[in-house]
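One-letter residues, chain by chain:
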Amino acid sequence: GYLEVQNPQEWYKRLDSDPRVAAYSPIIGVGGLLTLSKISLSANLIGCIPDQQSKVTRIADYMIEGRFSDIAAGGNRIILGDELMKRLGGGIGQYIVVSAGTFAPVPFKIVGRYYTGNRGADLQAYGALADIQILNHTPNRVSEIAVRLKDYTQAPEVANNWSKIAPELTESWEQQNANILSVFKIQTALRFAMIMIVLIVAGFGIYNILNMT
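Notes on the structure follow. All of these numbers come straight from a predicted model, not from anything done at the bench.

**Brief notes about the overall build of the chain**
Of the regular secondary structure elements, the chain holds seven helices and eight strands. For 213 residues, the compact-globule formula gives about 17 Å, and the C-alpha radius of gyration of the chain, at 23 Å, lies well above that figure. Viewed in the frame of its principal axes, the chain has a C-alpha envelope of about 85 × 45 × 30 Å. Counting across all 213 residues of the chain, residues that qualify as buried make up 36%. Nonlocal contacts in the chain, meaning residues at least 24 apart in sequence, comprise 68% of its contacts between residues at least 6 apart. Surface summary for the chain: the accessible area is close to 12900 Å², and the carbon and sulfur share equals 57%. One way to put it: in the chain the 19 positive side-chain charges average out to a point 4 Å from where the 18 negative ones average out.

Rendered as C-alpha coordinates:
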(Lines give C-alpha, C1' and ligand atoms only; values in the text may rest on other atoms or scores of the structure.)
Protein backbone atom coordinates (compact mmCIF):
# COMPACT_ATOMS: atom_id res chain seq x y z
CA GLY A 1 0.00 0.00 0.00
CA TYR A 2 0.87 3.66 -0.10
CA LEU A 3 3.23 4.67 2.72
CA GLU A 4 2.20 7.84 4.50
CA VAL A 5 3.40 9.95 7.40
CA GLN A 6 0.22 10.27 9.42
CA ASN A 7 0.83 13.74 10.84
CA PRO A 8 3.70 15.47 9.00
CA GLN A 9 3.00 18.88 10.56
CA GLU A 10 3.55 17.42 14.02
CA TRP A 11 6.82 15.90 12.82
CA TYR A 12 7.95 19.26 11.40
CA LYS A 13 7.39 20.90 14.80
CA ARG A 14 9.21 18.08 16.54
CA LEU A 15 12.20 18.27 14.19
CA ASP A 16 12.35 22.09 14.27
CA SER A 17 12.60 22.06 18.05
CA ASP A 18 15.11 19.19 18.34
CA PRO A 19 18.68 20.58 18.76
CA ARG A 20 20.14 17.31 17.44
CA VAL A 21 18.57 17.83 14.00
CA ALA A 22 20.67 19.65 11.40
CA ALA A 23 18.13 19.43 8.54
CA TYR A 24 15.14 17.45 7.32
CA SER A 25 13.30 16.95 4.05
CA PRO A 26 9.73 15.71 3.46
CA ILE A 27 9.53 13.27 0.55
CA ILE A 28 6.87 11.47 -1.43
CA GLY A 29 7.91 8.34 -3.31
CA VAL A 30 5.68 7.23 -6.18
CA GLY A 31 5.99 4.41 -8.69
CA GLY A 32 5.46 5.93 -12.11
CA LEU A 33 5.60 5.19 -15.82
CA LEU A 34 7.73 7.51 -17.94
CA THR A 35 7.14 7.66 -21.68
CA LEU A 36 9.19 9.37 -24.36
CA SER A 37 8.21 8.74 -27.97
CA LYS A 38 7.64 4.96 -28.13
CA ILE A 39 9.75 4.09 -25.11
CA SER A 40 8.08 3.55 -21.71
CA LEU A 41 9.92 2.75 -18.48
CA SER A 42 8.76 2.31 -14.91
CA ALA A 43 10.73 4.28 -12.34
CA ASN A 44 10.58 5.57 -8.81
CA LEU A 45 9.56 9.23 -8.72
CA ILE A 46 10.77 11.22 -5.73
CA GLY A 47 8.97 14.43 -4.88
CA CYS A 48 10.90 16.76 -2.59
CA ILE A 49 11.63 20.38 -1.71
CA PRO A 50 15.00 20.90 -3.46
CA ASP A 51 16.52 23.28 -0.91
CA GLN A 52 15.72 20.96 2.00
CA GLN A 53 16.68 17.79 0.12
CA SER A 54 20.09 19.28 -0.72
CA LYS A 55 20.76 19.82 2.99
CA VAL A 56 19.95 16.19 3.83
CA THR A 57 21.60 14.40 0.89
CA ARG A 58 24.35 15.20 -1.64
CA ILE A 59 22.06 14.85 -4.65
CA ALA A 60 22.80 18.43 -5.79
CA ASP A 61 26.52 17.58 -5.98
CA TYR A 62 25.80 14.75 -8.42
CA MET A 63 24.19 16.97 -11.05
CA ILE A 64 25.94 16.80 -14.42
CA GLU A 65 23.36 18.83 -16.35
CA GLY A 66 21.15 21.57 -14.98
CA ARG A 67 20.78 22.45 -11.30
CA PHE A 68 18.84 20.49 -8.70
CA SER A 69 17.12 23.70 -7.62
CA ASP A 70 15.56 24.04 -11.12
CA ILE A 71 12.60 21.85 -10.09
CA ALA A 72 11.73 24.31 -7.32
CA ALA A 73 9.96 26.57 -9.83
CA GLY A 74 7.25 23.92 -10.21
CA GLY A 75 5.31 23.68 -13.43
CA ASN A 76 5.98 19.96 -13.85
CA ARG A 77 9.76 19.90 -14.12
CA ILE A 78 11.72 16.71 -13.66
CA ILE A 79 15.34 15.63 -13.17
CA LEU A 80 16.34 12.16 -14.36
CA GLY A 81 19.10 9.84 -13.26
CA ASP A 82 21.77 9.26 -15.90
CA GLU A 83 20.83 5.62 -16.51
CA LEU A 84 17.14 6.47 -16.79
CA MET A 85 17.92 9.29 -19.23
CA LYS A 86 19.99 6.96 -21.43
CA ARG A 87 17.31 4.28 -21.52
CA LEU A 88 14.64 6.78 -22.48
CA GLY A 89 16.90 8.43 -25.02
CA GLY A 90 15.91 11.86 -23.77
CA GLY A 91 17.69 15.15 -23.31
CA ILE A 92 17.45 18.44 -21.49
CA GLY A 93 14.47 20.51 -22.60
CA GLN A 94 12.44 17.56 -23.90
CA TYR A 95 9.03 16.66 -22.53
CA ILE A 96 8.16 13.21 -21.23
CA VAL A 97 4.76 11.87 -20.25
CA VAL A 98 4.53 10.68 -16.66
CA SER A 99 1.70 8.67 -15.13
CA ALA A 100 1.13 7.27 -11.65
CA GLY A 101 -1.28 4.44 -11.03
CA THR A 102 -4.50 4.68 -13.04
CA PHE A 103 -4.46 8.47 -13.16
CA ALA A 104 -4.20 10.45 -16.39
CA PRO A 105 -0.63 10.96 -17.67
CA VAL A 106 0.94 14.40 -17.28
CA PRO A 107 3.73 16.00 -19.36
CA PHE A 108 6.93 16.90 -17.50
CA LYS A 109 9.87 18.91 -18.83
CA ILE A 110 13.36 17.43 -18.34
CA VAL A 111 15.49 20.14 -16.73
CA GLY A 112 18.43 18.18 -15.36
CA ARG A 113 20.41 14.95 -15.12
CA TYR A 114 22.42 13.48 -12.26
CA TYR A 115 24.94 10.66 -11.94
CA THR A 116 25.77 8.88 -8.68
CA GLY A 117 27.44 5.74 -10.02
CA ASN A 118 24.78 3.61 -8.33
CA ARG A 119 22.61 2.08 -11.06
CA GLY A 120 19.56 1.79 -8.81
CA ALA A 121 19.78 5.44 -7.77
CA ASP A 122 20.43 6.54 -11.36
CA LEU A 123 17.18 4.90 -12.49
CA GLN A 124 15.12 7.32 -10.39
CA ALA A 125 13.66 10.74 -11.10
CA TYR A 126 13.16 13.85 -8.95
CA GLY A 127 10.40 16.41 -9.11
CA ALA A 128 9.01 19.14 -6.88
CA LEU A 129 7.07 17.80 -3.92
CA ALA A 130 3.86 19.59 -4.94
CA ASP A 131 4.08 18.41 -8.56
CA ILE A 132 4.48 14.74 -7.60
CA GLN A 133 1.71 15.02 -5.01
CA ILE A 134 -0.65 16.38 -7.68
CA LEU A 135 0.45 13.70 -10.16
CA ASN A 136 -0.36 11.01 -7.58
CA HIS A 137 -3.59 12.72 -6.46
CA THR A 138 -2.31 12.81 -2.86
CA PRO A 139 -2.10 16.53 -1.99
CA ASN A 140 -0.25 17.49 1.20
CA ARG A 141 0.81 13.90 1.83
CA VAL A 142 4.39 12.69 2.31
CA SER A 143 5.61 9.11 2.47
CA GLU A 144 8.74 9.79 4.52
CA ILE A 145 10.86 12.48 6.12
CA ALA A 146 14.61 12.25 5.67
CA VAL A 147 16.57 13.66 8.61
CA ARG A 148 20.23 14.63 8.95
CA LEU A 149 21.61 14.84 12.49
CA LYS A 150 24.45 17.05 13.65
CA ASP A 151 26.11 13.92 15.05
CA TYR A 152 25.46 10.89 12.85
CA THR A 153 26.60 8.48 15.57
CA GLN A 154 23.43 9.37 17.51
CA ALA A 155 21.22 8.01 14.71
CA PRO A 156 20.37 4.60 16.30
CA GLU A 157 19.51 6.19 19.66
CA VAL A 158 17.44 8.99 18.14
CA ALA A 159 15.59 6.59 15.82
CA ASN A 160 14.80 4.32 18.76
CA ASN A 161 13.46 7.24 20.80
CA TRP A 162 11.29 8.56 17.97
CA SER A 163 9.84 5.11 17.27
CA LYS A 164 8.37 5.16 20.79
CA ILE A 165 6.50 8.44 20.37
CA ALA A 166 5.02 8.05 16.88
CA PRO A 167 3.40 5.21 14.88
CA GLU A 168 5.62 5.69 11.81
CA LEU A 169 8.58 3.41 11.12
CA THR A 170 11.74 5.22 12.20
CA GLU A 171 15.06 3.82 10.99
CA SER A 172 18.66 4.96 11.34
CA TRP A 173 21.04 4.93 8.37
CA GLU A 174 22.68 1.86 9.89
CA GLN A 175 19.38 -0.05 9.89
CA GLN A 176 18.55 1.00 6.33
CA ASN A 177 21.98 -0.09 5.09
CA ALA A 178 22.34 -3.20 7.28
CA ASN A 179 22.93 -5.47 4.26
CA ILE A 180 25.71 -3.29 2.88
CA LEU A 181 27.37 -2.95 6.29
CA SER A 182 27.26 -6.73 6.79
CA VAL A 183 29.08 -7.16 3.46
CA PHE A 184 31.79 -4.78 4.65
CA LYS A 185 32.13 -6.75 7.89
CA ILE A 186 32.49 -10.01 5.97
CA GLN A 187 35.09 -8.44 3.68
CA THR A 188 37.05 -7.18 6.70
CA ALA A 189 36.93 -10.62 8.36
CA LEU A 190 38.10 -12.33 5.15
CA ARG A 191 40.92 -9.81 4.74
CA PHE A 192 42.20 -10.44 8.26
CA ALA A 193 41.86 -14.20 7.74
CA MET A 194 43.95 -14.01 4.54
CA ILE A 195 46.60 -11.93 6.30
CA MET A 196 46.79 -14.45 9.15
CA ILE A 197 47.11 -17.35 6.69
CA VAL A 198 49.93 -15.58 4.83
CA LEU A 199 51.73 -14.83 8.10
CA ILE A 200 51.39 -18.44 9.29
CA VAL A 201 52.67 -19.84 5.97
CA ALA A 202 55.55 -17.35 5.98
CA GLY A 203 56.33 -18.26 9.59
CA PHE A 204 56.52 -21.97 8.80
CA GLY A 205 58.72 -21.20 5.81
CA ILE A 206 61.14 -19.21 7.95
CA TYR A 207 61.09 -21.91 10.62
CA ASN A 208 61.95 -24.63 8.04
CA ILE A 209 64.83 -22.58 6.66
CA LEU A 210 66.23 -21.96 10.15
CA ASN A 211 65.73 -25.61 11.08
CA MET A 212 67.60 -26.80 7.97
CA THR A 213 70.39 -24.32 8.70
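Having put the structure on the table, let's press on.
**Quick look at the pairing of strand β5 (residues 95-100)**
Across four bridges, strand β1 (residues 21-36) lies against β5 in antiparallel orientation. In the sheet register, G32 faces β5, and the bridge partner there is A100. Relative to strand β6 (residues 106-114), β5 runs antiparallel, the two being bridged by four bridges. Among the inter-strand pairings, V98 is bridged to a residue of β6, identified as V106.

**Topic: helix α1 (residues 8-17)**
Among the residues of α1, P8, W11, Y12 and L15 are the ones counted as buried. Angularly, the buried residues of α1 cover 105 degrees about the axis, an arc narrow enough to put them on a single face. Turned more than 90 degrees away from the buried face of α1 sit Q9, K13 and S17, all of them exposed.

**Re the nonpolar core**
Ranked by size, the top nonpolar core spans 33 residues in total, and within it L34, L45, I78, L80, I96 and V98 carry the most contacts. Of all hydrophobic cores here, the second largest spans 14 residues; its members include I46, C48, F68 and A146.

**A few points about the pairing of β6**
In the sheet, strand β3 (residues 63-65) pairs with β6 via two bridges, with the strands oriented antiparallel. Counted as the bridge partner of M63 is Y114 from β6. Where strand β4 (residues 77-81) lies against β6, five bridges are found, and the strand directions are parallel. Among the inter-strand pairings, R77 is bridged to a residue of β6, identified as K109. Hairpin connection of β5 to β6: five residues between the antiparallel strands, including G101 at a positive phi of 60 degrees.

**Digging into the packing of aromatic side chains**
Aromatic ring pairs are defined here through the distance separating the ring centres and the angle between the ring planes. For the structure on display, the rule yields four aromatic pairs. Between W11 and W162 the ring centres are 5.8 Å apart and the planes differ by 80 degrees, which places this aromatic pair in the edge-to-face class. Placement of W11 in helix α1 and of W162 in helix α5 (residues 155-163) is noted, with a sequence separation of 151 residues between them. Judged by centre distance (5.8 Å) and plane angle (15 degrees), the rings of Y12 and Y24 are stacked. With Y12 in helix α1 and Y24 in strand β1, this residue pair connects regions lying twelve residues apart in the sequence. Residue Y12 shares its accessibility class with Y24, and that shared class is buried. Put simply, the rings of F68, Y114 and Y126 pair up and form one aromatic cluster. Between R14 and the ring centre of W11, over which it is positioned, the NZ or CZ distance is 4.4 Å.

Reading guide: rules and limits
Along each chain, the written sequence defines residue order, and numbers are assigned to residues from 1. Per-residue local features of the predicted model are confined to residues with pLDDT of at least 70, and side-chain atom pairs are confined, for both listing and counting, to 80 or more; whole-chain, interface and lining totals are unaffected and use all residues. Excluding hydrogens and water, the side-chain values take into account all heavy atoms of the structure. Each helix is a run of DSSP H or I of at least 4 residues and each strand a run of E of at least 2, with the numbering of both proceeding from the N terminus. A radius of gyration in this sense is built from C-alpha atoms; the matching globule rule multiplies 2.2 Å by the number of residues raised to 0.38. For each residue, the accessible area found with a 1.4 Å probe, counting protein chains only, is set against the maximum for its type, and the residue is called buried under 20%, exposed over 50%, and partly exposed in between. Contact definition: two residues touch when any of their heavy atoms are within 4.5 Å. Residue-level accessible areas treat just the shown protein chains as cover; the underlying method is Shrake-Rupley with a 1.4 Å probe. The charged-residue count follows a simple rule in which Lys and Arg add positive charge and Asp and Glu add negative charge, with His and chain termini not counted at all. To locate a charge, take atom NZ for lysine, CZ for arginine, CG for aspartate or CD for glutamate. A pair of strands is considered paired only if DSSP assigns at least 2 bridges between the two. As used here, the arc is the angular range of directions from the helix axis to the C-beta atoms. Working definition of a nonpolar core: buried Ala, Val, Leu, Ile, Met, Phe, Trp, Tyr and Cys residues. They are joined through side-chain atoms within 4.5 Å. Working definition: rings of Phe, Tyr and Trp (its six-membered ring) pair if their centres are within 6.5 Å, and the pair is stacked with planes under 30 degrees apart, edge-to-face with planes over 60 apart, and tilted otherwise. Criterion for a charge above a ring: Arg CZ or Lys NZ at most 6 Å from the ring centre, at most 35 degrees from the ring normal.

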